[in-house]
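# Fold and geometry: a report
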Amino acid sequence: MKNVSFATLGDDPVGMIVCTFNKSAKFKHIAEIYSFYVRPAYRGRGIGRALLDHAVARVMRKYRIVKVRLYVNEKQRTAVKMYKKVGFATVGRLEKEMKVGRRLYTMLIMEKAINPSGSIPKEQTGHGLLKPSP
Ligand SMILES: CC(C)(COP(=O)(O)OP(=O)(O)OC[C@H]1O[C@@H](n2cnc3c(N)ncnc32)[C@H](O)[C@@H]1OP(=O)(O)O)[C@@H](O)C(=O)NCCC(=O)NCCS
(Lines give C-alpha, C1' and ligand atoms only; values in the text may rest on other atoms or scores of the structure.)
Protein backbone atom coordinates (compact mmCIF):
# COMPACT_ATOMS: atom_id res chain seq x y z
CA MET A 1 0.00 0.00 0.00
CA LYS A 2 1.25 3.46 -0.92
CA ASN A 3 0.39 6.78 0.76
CA VAL A 4 1.28 9.98 -1.04
CA SER A 5 1.07 13.23 0.97
CA PHE A 6 1.33 16.70 -0.48
CA ALA A 7 2.08 20.03 1.20
CA THR A 8 0.08 22.81 -0.44
CA LEU A 9 0.09 26.58 -0.26
CA GLY A 10 -3.27 27.74 -1.52
CA ASP A 11 -3.86 25.44 -4.49
CA ASP A 12 -0.14 25.00 -5.17
CA PRO A 13 1.54 21.70 -4.36
CA VAL A 14 4.92 22.70 -2.88
CA GLY A 15 6.17 19.43 -1.46
CA MET A 16 5.50 15.73 -1.21
CA ILE A 17 6.43 12.56 0.61
CA VAL A 18 5.56 8.94 -0.06
CA CYS A 19 5.20 6.17 2.46
CA THR A 20 4.80 2.50 1.54
CA PHE A 21 3.67 -0.53 3.49
CA ASN A 22 4.72 -3.96 2.28
CA LYS A 23 2.05 -6.61 1.80
CA SER A 24 4.34 -9.61 1.95
CA ALA A 25 3.97 -11.50 5.25
CA LYS A 26 7.71 -11.61 5.90
CA PHE A 27 8.25 -7.89 5.32
CA LYS A 28 5.03 -6.19 6.33
CA HIS A 29 6.64 -4.98 9.56
CA ILE A 30 8.77 -2.58 7.47
CA ALA A 31 7.59 0.77 6.10
CA GLU A 32 9.56 2.84 3.60
CA ILE A 33 9.70 6.56 2.93
CA TYR A 34 10.72 7.98 -0.44
CA SER A 35 10.07 10.79 -2.95
CA PHE A 36 10.57 13.37 -0.22
CA TYR A 37 10.81 16.73 -1.95
CA VAL A 38 10.07 20.42 -1.38
CA ARG A 39 10.15 22.84 -4.32
CA PRO A 40 13.35 24.93 -4.09
CA ALA A 41 11.55 28.28 -3.69
CA TYR A 42 9.75 26.99 -0.60
CA ARG A 43 12.66 25.34 1.23
CA GLY A 44 13.86 26.44 4.67
CA ARG A 45 10.33 27.27 5.95
CA GLY A 46 9.64 24.09 7.89
CA ILE A 47 7.59 22.41 5.14
CA GLY A 48 10.01 19.47 4.79
CA ARG A 49 10.06 18.81 8.50
CA ALA A 50 6.25 18.97 8.66
CA LEU A 51 5.99 16.44 5.79
CA LEU A 52 8.52 14.10 7.42
CA ASP A 53 6.80 14.31 10.83
CA HIS A 54 3.49 13.59 9.11
CA ALA A 55 4.92 10.48 7.38
CA VAL A 56 6.53 9.17 10.58
CA ALA A 57 3.29 9.74 12.53
CA ARG A 58 1.41 7.81 9.85
CA VAL A 59 3.84 4.90 10.16
CA MET A 60 3.56 4.93 13.97
CA ARG A 61 -0.22 4.51 13.76
CA LYS A 62 0.29 1.10 12.12
CA TYR A 63 0.84 -1.20 15.06
CA ARG A 64 2.57 -3.91 13.01
CA ILE A 65 5.41 -1.67 11.89
CA VAL A 66 8.73 -2.37 13.62
CA LYS A 67 10.90 -0.01 11.60
CA VAL A 68 10.82 2.56 8.83
CA ARG A 69 13.55 2.69 6.21
CA LEU A 70 14.71 5.14 3.59
CA TYR A 71 17.56 5.59 1.13
CA VAL A 72 19.30 8.94 0.71
CA ASN A 73 22.20 10.23 -1.36
CA GLU A 74 24.89 11.01 1.25
CA LYS A 75 25.52 14.35 -0.47
CA GLN A 76 22.00 15.53 0.36
CA ARG A 77 23.20 16.90 3.66
CA THR A 78 20.05 18.82 4.57
CA ALA A 79 17.99 15.66 4.23
CA VAL A 80 20.50 13.45 6.09
CA LYS A 81 20.65 15.96 8.96
CA MET A 82 16.88 16.13 9.16
CA TYR A 83 16.51 12.35 9.19
CA LYS A 84 19.00 12.09 12.06
CA LYS A 85 17.09 14.76 13.97
CA VAL A 86 13.87 12.73 13.83
CA GLY A 87 15.64 9.55 14.95
CA PHE A 88 16.88 7.81 11.82
CA ALA A 89 20.31 6.13 12.02
CA THR A 90 22.56 5.02 9.18
CA VAL A 91 22.53 1.22 8.98
CA GLY A 92 24.33 0.75 5.69
CA ARG A 93 26.02 2.33 2.70
CA LEU A 94 25.54 1.50 -0.94
CA GLU A 95 28.74 2.66 -2.62
CA LYS A 96 28.45 3.99 -6.18
CA GLU A 97 24.76 3.20 -6.16
CA MET A 98 23.35 6.13 -8.12
CA LYS A 99 24.72 7.55 -11.35
CA VAL A 100 23.86 11.08 -12.45
CA GLY A 101 25.68 12.02 -15.62
CA ARG A 102 29.18 10.70 -15.10
CA ARG A 103 29.16 10.95 -11.30
CA LEU A 104 28.52 8.04 -9.00
CA TYR A 105 26.96 8.65 -5.61
CA THR A 106 26.83 6.68 -2.39
CA MET A 107 23.40 6.07 -0.93
CA LEU A 108 22.89 5.73 2.81
CA ILE A 109 20.37 3.27 4.15
CA MET A 110 18.72 4.85 7.18
CA GLU A 111 16.25 3.32 9.59
CA LYS A 112 14.17 4.40 12.54
CA ALA A 113 12.83 1.91 15.08
CA ILE A 114 9.10 2.30 15.60
CA ASN A 115 8.01 -0.58 17.78
CA PRO A 116 11.14 -2.70 18.29
CA SER A 117 9.37 -5.59 20.01
CA GLY A 118 6.90 -5.93 17.16
CA SER A 119 4.24 -6.67 19.73
CA ILE A 120 0.66 -5.63 19.28
CA PRO A 121 -0.46 -3.27 22.07
CA LYS A 122 -2.82 -4.97 24.52
CA GLU A 123 -5.69 -2.63 23.77
CA GLN A 124 -5.62 -3.71 20.12
CA THR A 125 -5.68 -7.47 20.70
CA GLY A 126 -7.85 -7.69 23.79
CA HIS A 127 -5.46 -10.19 25.41
CA GLY A 128 -1.99 -8.76 24.85
CA LEU A 129 -0.62 -11.83 23.04
CA LEU A 130 1.29 -11.48 19.80
CA LYS A 131 -0.12 -13.74 17.12
CA PRO A 132 2.61 -15.53 15.14
CA SER A 133 2.88 -14.08 11.65
CA PRO A 134 1.72 -16.40 8.88
C1 LIG B 1 15.28 17.82 2.19
C2 LIG B 1 14.14 18.81 1.91
C3 LIG B 1 12.85 18.03 1.62
C4 LIG B 1 13.96 19.71 3.15
O5 LIG B 1 12.83 20.54 2.94
P6 LIG B 1 12.70 21.97 3.66
O7 LIG B 1 11.29 22.39 3.53
O8 LIG B 1 13.74 22.90 3.17
O9 LIG B 1 13.04 21.58 5.17
P10 LIG B 1 12.76 22.47 6.45
O11 LIG B 1 12.50 23.90 6.07
O12 LIG B 1 11.74 21.77 7.27
O13 LIG B 1 14.16 22.44 7.18
C14 LIG B 1 14.55 21.31 7.92
C15 LIG B 1 15.93 21.57 8.49
O16 LIG B 1 16.89 21.73 7.43
C17 LIG B 1 17.54 22.99 7.54
N18 LIG B 1 17.72 23.50 6.19
C19 LIG B 1 16.76 23.75 5.28
N20 LIG B 1 17.34 24.19 4.14
C21 LIG B 1 18.67 24.22 4.38
C22 LIG B 1 19.80 24.59 3.60
N23 LIG B 1 19.67 25.02 2.34
N24 LIG B 1 21.01 24.49 4.15
C25 LIG B 1 21.17 24.05 5.41
N26 LIG B 1 20.14 23.70 6.21
C27 LIG B 1 18.92 23.78 5.69
C28 LIG B 1 16.58 23.85 8.32
O29 LIG B 1 17.25 24.89 9.00
C30 LIG B 1 16.01 22.86 9.29
O31 LIG B 1 16.92 22.63 10.33
P32 LIG B 1 16.47 22.81 11.84
O33 LIG B 1 15.45 21.71 12.07
O34 LIG B 1 17.73 22.61 12.57
O35 LIG B 1 15.88 24.17 11.92
C36 LIG B 1 14.47 19.74 0.71
O37 LIG B 1 15.72 20.36 0.97
C38 LIG B 1 14.55 19.03 -0.63
O39 LIG B 1 13.53 18.83 -1.29
N40 LIG B 1 15.78 18.62 -1.03
C41 LIG B 1 16.01 17.96 -2.30
C42 LIG B 1 15.43 16.57 -2.32
C43 LIG B 1 15.98 15.72 -1.19
O44 LIG B 1 17.13 15.81 -0.79
N45 LIG B 1 15.10 14.82 -0.72
C46 LIG B 1 15.46 13.82 0.24
C47 LIG B 1 15.84 12.62 -0.56
S48 LIG B 1 15.76 11.13 0.37
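Scope of this entry: the structure provided in the associated data block.

Rules behind the numbers
Residues numbered from 1 in each chain as written. Predicted model: local features only at pLDDT ≥ 70, side-chain atom pairs only at ≥ 80, totals over all residues. Near = placed C-beta within 6 Å. Helix = DSSP H or I, 4+ residues; strand = E, 2+ residues; numbered from the N terminus. Buried ≥ 20, exposed ≤ 12 C-beta atoms within 10 Å, placed from the backbone. Pairing = 2+ DSSP bridges. Core = buried A, V, L, I, M, F, W, Y, C linked by C-beta atoms within 7 Å. Contact = placed C-beta atoms within 7 Å.

## What about the site of the ligand?
Residues in contact with the ligand amount to 17 residues; listed here are only the nearest, R43, G48, R49, Q76 and A79. Every element with two or more residues in the shell around the ligand is listed here: β3 (30-38), α1 (47-60), β4 (67-73) and α2 (77-85). The element that contributes the greatest number of residues to the shell around the ligand is α2, accounting for four residues.

## Some remarks on the pairing of strand β5 (residues 89-100)
Where a strand is regular, its side chains alternate between the two sheet faces. Little of β5 sits out of view: just zero of its twelve residues are buried. As paired strands, β5 and strand β6 (residues 103-113) are joined by eight bridges and run antiparallel to one another. Counted as the bridge partner of A89 is E111 from β6. The hairpin turn running from β5 into β6, its antiparallel successor, is two residues long, and G101 in that turn takes a positive phi close to 65°.

## Remarks on the nonpolar core
Within the largest apolar cluster, 19 residues are counted, with the highest numbers of intra-cluster contacts made by I17, I33, A55 and V59. Of all elements in the fold, only β2 (12-21), β3, α1, β4 and β6 reach the threshold of two or more residues within this core. No other element matches α1, which puts four residues into this core. Other than its neighbours up to four places away in sequence, A55 contacts S5, I17, C19 and I33.

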